[in-house]
Amino acid sequence: MDNKTGMSPFDAAFHASAERHERFWIFGVLVMLVLLTIGTMFYVVHDYGLVTGTQSYATDPQAPAREAAFQDGKVVRTGPNSYAVYMVGRAWHWAPDVIHVPEGAEITFYVTSADVLHGFEIQGTPVNMTAVPGVVGTVKYTFRHAGLFRIICNEYCGMFHHAMVARIIVDPAGTP
Amino acid sequence: MNIEIAANTIPSAVSESDSTAASMRRLMLAFLITGFSALLIGATIGPFQALNYGGVDVYPALRPLLQSYYQGLTIHGVMNGYVFTFFVTCGLLVYLPARELGVAPNLTMWRTCFAVMAIGALCVLYAMADNSSSVLWTFYPPLKGSPFFYIGITLLALGSTMPLPILLKMRATWRRHRPGEITPLVTYMSLITMLMWGLAGVGVMAELVLQLDPWSLGLIGTVDPIVNRTLFWLTGHPIVYFWLMPAYVSWYGLLSRQVGGKLISDPMARITFALLMIFALPVGTHHQFSDPGFSSIWRGILVVLTMSVATPSLVTAFTIGLSLEYAGRLRGGQGWFGWFRALPWGDPSVAAQVLAAVTFILGGATGIVNGSWQLNAIVHNTTFIPGHFHVTVGSVTAMTFMAISFWMVPHLTGRQLISRRLALFSVWTWFVGMTIFAVGMSWAGLYGVPRRAWVSALPHDTYHALYGAASVPLALVAAGGVLLWVASYTFFAVFFGTLLFGRRAAPPPVPFAQSFGGPASFTIDSPPNPAQSASPLIRALDHVWLLTGITTLAAIAAYIPILWPFLHHVTRAPGWILW
Ligand code: HEM
Ligand SMILES: [Cu+2]
Ligand SMILES: [Cu+2]
């Protein structure tokens, strides 16, 4: 809009200065956003293990939960310092609901649900994945400190959603 | 103004005194009252939820009315998030353009819009009141509510898109009489908002009409959880813009006049709205960063897109900030911050909007956290998320709508606000309460406190073992909630008090802002404005169908790769009723 008629000198001066600052601001905004994007992407690549992956899909929503690995609910050793954990969410508990894993080992969680959506959050870590019936999701995590961690359901699943809590006990490295 | 004389020459023009204008005012008032009545219900329940997080369980005492926390939370989310915002928006985005253009809207269609949404809202209320549908406002299947719930939501969503044809028709009428002119700003912003929403609505409409409606009626046995979740967020992300853009309409289109100044840049407002529309649709799946089934490449693209969404809001911060500065300096404000103090703070409508804009700094910052993947993993589905959106929709939208009601109720009814002081008190308390509340919620989220959880019903020891570390932020949540109670009830006293008992006075006009170099009025019978030598960019942006086309293509390009694998691995999940 270049219609200068009717602009007082104060208006005209303010307008001109505003346009200058406007370009400055937009440039600043774009630079900031590019840097933020690069920053978060770097972080992701750097710590790639936290990406939620997909192991399998099934037509029958309960099929994954019936597989032997999920039925056993054991912590499976898969390498010198790596373990797999198979976890099923059901209203309103996790199975298994107490597990022991060693400090410093790479743990792969395989997570599914046998009924509705649940949220697999390990409190105090960035592990956070939706448990979907019929889908097995995966996420890897290495606990750097021994201690008690809690799996808290963070996707609404009905009346006792708030009580759907399980425990992970991270044993200090070196204990058998 | 000599509208009355001109009204004789242009058949479609409305004058203040004729019966069409009176019908418009009545209908607008109906939208406003219905919307705020929904907020009355929602805002009554909200503080109970805040107390819950503070460890205080009031739900046993509410038993005859509410069976559980989750029933209350469903009502809170639906009433505030859908019913309140939809009614106010569908009123405003027809009324304001009609006034700006001086053209009558199609009243039958506008009444239909009201009726469809009202029937929808009653169905949903019924389904929530009998606890048959405590599925929360996101209603993720395979949780299964009653047919009244899904059909009610379907009607609400359908009705909320009906202003679109009304706007298109008004704009066409106006343009026929004023060939070659650019669509006036408020009409442009309203139209872009409704076009965006019409497109976005396709997701949830498909989810409801193809899946959840027939499923709840027993016509189909199973649904696919992840496909439906994805369709929900196709609409569920743009809905946050449907909450935000009406507030921006007021900030760009009215606020500069209310503070006694001008809008610094009309083009910037248009660019902002065009960008919001284009970016709103393709990024919906950033709500699903934590879901299995999305490729890492896609997640990376989403981060970039999501960051881009921040651009229009940052531009808004600049343009609105500068318009306020201009007014403040005209009013004699000096120095770095003098202009801010010099704003007309005694006007509750101004105070509410400026304070809303201040809370949006927090809202924007927390939004950037949500958008950035790795940080998202930490905060996903914790109280951080409701912390974020209460300083967006819970402040920006709610406070701006409150601000609008402060001039609009007098404008529509010819009754003065019963108390300017009480109105000011309510918005300041809302501002302080919401800030404390949101800081508490966001901070507690960093301790992994889950959202949507009846934590106060846990045994005392368990609550402390799980969330004791977050006791300070959770106490802030409860304190903020109590303040918000005071704020909202004060507001409702002013709102309903004015409607019933306000003293009769001359109704104030709609405070349309003038932009730098722009004309004072755009009504159909105002002098032609050929000197509006708009830049090529602004002329291009006036081709709203081009923008719609680009947005559609972007959305299709974004969603085909996402939905493709899901549609090839369909899960047939039966429904569950677990509350
Ligand atoms: C009166 C002041 C308010 C208070 C104290 C309040 C409190 C809360 C709390 C504590 C939650 C989180 C519940 C949970 O995750 O378990 C919540 C959720 C929510 N609030 Fe508010 N709120 C208020 C006003 C509003 C307003 C004005 C809006 C929108 C216009 C709004 C929209 C929502 C929505 C959409 C949810 C999400 C519900 C869900 O997660 O299912 N609230 N509110
Ligand atoms: Cu749950
Ligand atoms: Cu979003």
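Residues numbered from 1 in each chain as written. Chains lettered and ligands numbered in written order. Predicted model: local features only at pLDDT ≥ 70, side-chain atom pairs only at ≥ 80, totals over all residues. Heavy atoms only, no water.

Just so we agree on the cut-off: UniProt positions are given in the numbering used here, feature names are shortened, and annotations may be inferred rather than shown by experiment.
Labelled according to an unreviewed UniProt entry, chain B appears under the name Cytochrome C oxidase subunit I, originating from Gluconacetobacter asukensis. Turning to chain B, the UniProt record has this under Subcellular location (unreviewed entry): "Membrane". Taken from UniProt, the Sequence similarities (unreviewed entry) comment for chain B reads in full: "Belongs to the heme-copper respiratory oxidase family."

**Some thoughts on the overall build of chain B**
Note the threshold: Segments assigned H or I by DSSP are reported as helices when at least four residues long, segments assigned E as strands when at least two residues long, and all are numbered from the N terminus. The globule rule used for comparison is 2.2 Å times the number of residues to the exponent 0.38, while the radius of gyration itself is calculated over C-alpha atoms. Relative accessibility decides the category of a residue: with a 1.4 Å probe and only protein chains considered, values under 20% of the type maximum give buried, values over 50% give exposed, and everything between is partly exposed. Working rule for contacts: check all heavy atoms of both residues, and any pair within 4.5 Å makes them a contact. Only four residue types enter the tally: Lys and Arg on the positive side, Asp and Glu on the negative side; His and the chain ends are excluded. Charge placement uses NZ in Lys and CZ in Arg. For Asp and Glu, CG and CD serve respectively.
If you tally the helices and strands in chain B, you get 21 helices and zero strands. Relative to the compact-globule value of 25 Å for 579 residues, chain B shows a C-alpha radius of gyration of 23 Å, a close match. Overall, chain B is about 70 × 50 × 45 Å in size when its C-alpha atoms are taken along their principal axes. Evaluated residue by residue, chain B yields a buried proportion of 66% over its 579 residues. Restricting the contact set of chain B to residue pairs at least 6 apart, pairs at least 24 apart contribute 84%. Across chain B, the 28 positively charged side chains and the 17 negatively charged ones have centroids separated by 5 Å.

**Quick word on the coordination of the iron atom of ligand 1**
Residue and element names in this part refer to chain B. Spelled out, the test is: Any N, O or S atom lying within 2.8 Å of the metal counts as a donor, and for Na, K and Ca the limit rises to 3.2 Å; water is left out, so some sites can look incomplete. Here a site with four donors is tetrahedral if all angles are between 85 and 135 degrees, and a site with four or six donors is square planar or octahedral if opposite donors are over 155 degrees apart and the other angles are between 65 and 115; anything else gets the irregular label.
Bound to the iron atom of ligand 1 on the protein side are H76 (NE2) and H390 (NE2), at distances that span 2.0 Å. One way to put it: the six donor atoms around the iron atom of ligand 1 meet at angles of 86 to 179°, and that makes the site octahedral. Taken together, the positions of H76 in helix α3 (residues 69-101) and H390 in helix α15 (residues 384-390) put the pair 314 residues apart, joining distant regions of the chain. Comparing H76 with H390 shows no difference in burial state: the two are buried.

**Examining the nonpolar core**
So the rule is basically this: Residues enter a nonpolar core if they are buried and are Ala, Val, Leu, Ile, Met, Phe, Trp, Tyr or Cys, with the set joined through side-chain atoms within 4.5 Å.
Counting residues in hydrophobic clusters, the biggest one holds 228 residues, and the most contacted among them are F109(A), F36(B), Y82(B) and F139(B). For this core, the element with the most residues is α3(B), which contributes 20 residues. Ignoring any residue separated from it by four or fewer positions in sequence, one finds F139(B) in contact with Y82(B), F149(B), Y150(B), I153(B), V204(B), E207(B), L208(B), L212(B) and F232(B). The next biggest cluster of nonpolar side chains, apart from the first, holds eight residues, and it includes F70(A), Y86(A), V88(A) and A114(A).

**Details of the coordination of the copper ion (ligand 2)**
All names here are of chain A. In the first shell of the copper ion (ligand 2), the protein supplies C153 (SG), E155 (O), C157 (SG) and H161 (ND1), at 2.1 to 2.6 Å from the metal. Here the copper ion (ligand 2) binds four donor atoms, and the angle range of 86 to 129° at the metal identifies the geometry as tetrahedral. All donors of the copper ion (ligand 2) come from a single chain, and their spacing in sequence reads C-x1-E-x1-C-x3-H. The pair formed by C153 and C157 is uniform in burial state, with each residue classed as buried.

**Description of the site of ligand 1**
Residues and elements named next belong to chain B. To keep it simple, the criterion reads: Here a residue is considered near a molecule or strand provided that any single heavy atom belonging to it is located within 4 Å of it. Pairs of N or O atoms within 3.5 Å make up the polar contacts considered here, provided that, within protein, one atom can donate a hydrogen while the other can accept it, and that residues adjacent in sequence are counted only when both atoms are side-chain atoms. Three classes are used: nonpolar for Ala, Val, Leu, Ile, Met, Phe, Trp, Tyr, Cys and Pro, charged for Asp, Glu, Lys and Arg, and polar for all others, with Gly counted as polar.
Taken together, 28 residues surround ligand 1, and among them Y69, H76, H390, R451 and R452 come closest. Between Y53 and ligand 1, the recorded distance is 3.2 Å, taken from a side-chain N or O atom to an oxygen atom. Among the elements of the structure, α2 (19-53), α3, α15, α16 (393-413), α17 (420-445) and α19 (471-501) are those that each provide at least two residues to the shell around ligand 1. With seven residues, α2 is the largest single contributor of residues to the shell around ligand 1. Residues of the shell around ligand 1, tallied by class, amount to 19 nonpolar, seven polar and two charged.

**A closer look at the sheet that holds strand β10 (residues 147-153) of chain A**
Residues and elements named next belong to chain A. Threshold: In short, DSSP must find at least two bridges between two strands for them to pair. Axis angles are defined between N-to-C directions and span 0 to 180 degrees, where every axis is a line fitted to C-alpha atoms and, for a helix, only to the segment in contact.
Strands sit in the order β5-β11-β10-β7-β8 across an open sheet of five strands; the sheet is mixed. Since the sheet does not close on itself, it has two edges, and those belong to β5 (98-102) and β8 (128-131), each with one partner. Recorded for the sheet is a direction-independent mean angle of 25° between the axes of neighbouring strands. In terms of strand pairing, β5 meets strand β11 (residues 165-171) through five bridges, oriented parallel. If you follow V101 over to β11, its bridge partner there is V170.

**Things to note about the packing of aromatic side chains**
Residues and elements named next belong to chain B. Definition in use: Any two rings among Phe, Tyr and Trp, with Trp reduced to its six-membered ring, count as a pair given centres within 6.5 Å; such a pair is stacked if its planes are under 30 degrees apart, edge-to-face if over 60, and tilted if neither. Think of it as a cone above the ring: NZ of Lys or CZ of Arg counts as a charge over the ring if it is within 6 Å of the ring centre and within 35 degrees of the ring normal.
According to the stated counting rule, one finds 53 aromatic pairs over all chains in the structure shown. Aromatic pair W197 and F242: ring centres 4.3 Å apart, planes at 5°, arrangement stacked. Separated by 45 residues along the polypeptide, W197 in helix α7 (residues 185-216) and F242 in helix α9 (residues 238-258) bring together distant segments of the chain. Just as W197 is buried, F242 falls in that class too. Grouping aromatic residues by their ring pairs yields a cluster made of Y82, F86, W137, F139, Y140, F149, Y150, W197, F232, W233, F242 and W243. Against the face of Y140 rests R229, its NZ or CZ located 4.5 Å from the ring centre. If you follow K262 out to its NZ or CZ, it ends over the ring of F516, 5.8 Å from the centre.

**A few points about a nonpolar patch on the surface**
Residues and elements named next belong to chain B. Basically, it comes down to this: Patch membership requires over 30% relative accessible area and the absence of a salt bridge. Like charges are linked within 9 Å, and nonpolar side chains (Val, Leu, Ile, Met, Phe, Trp, Tyr) within 5 Å. Here, Shrake-Rupley sampling with a 1.4 Å probe gives the accessible areas, and only protein chains in the shown set may cover a residue. When a carboxyl oxygen of Asp or Glu lies within 4 Å of a side-chain nitrogen of Lys or Arg, that pair is called a salt bridge.
Together, I378, V439, W443, L446, Y447 and V472 make up a nonpolar patch on the protein surface, roughly 510 Å² of accessible area in all. Checked against the element boundaries, W443 lands in helix α17. In this structure W443 comes out as partly exposed when scored by relative accessible area, which is 34%.

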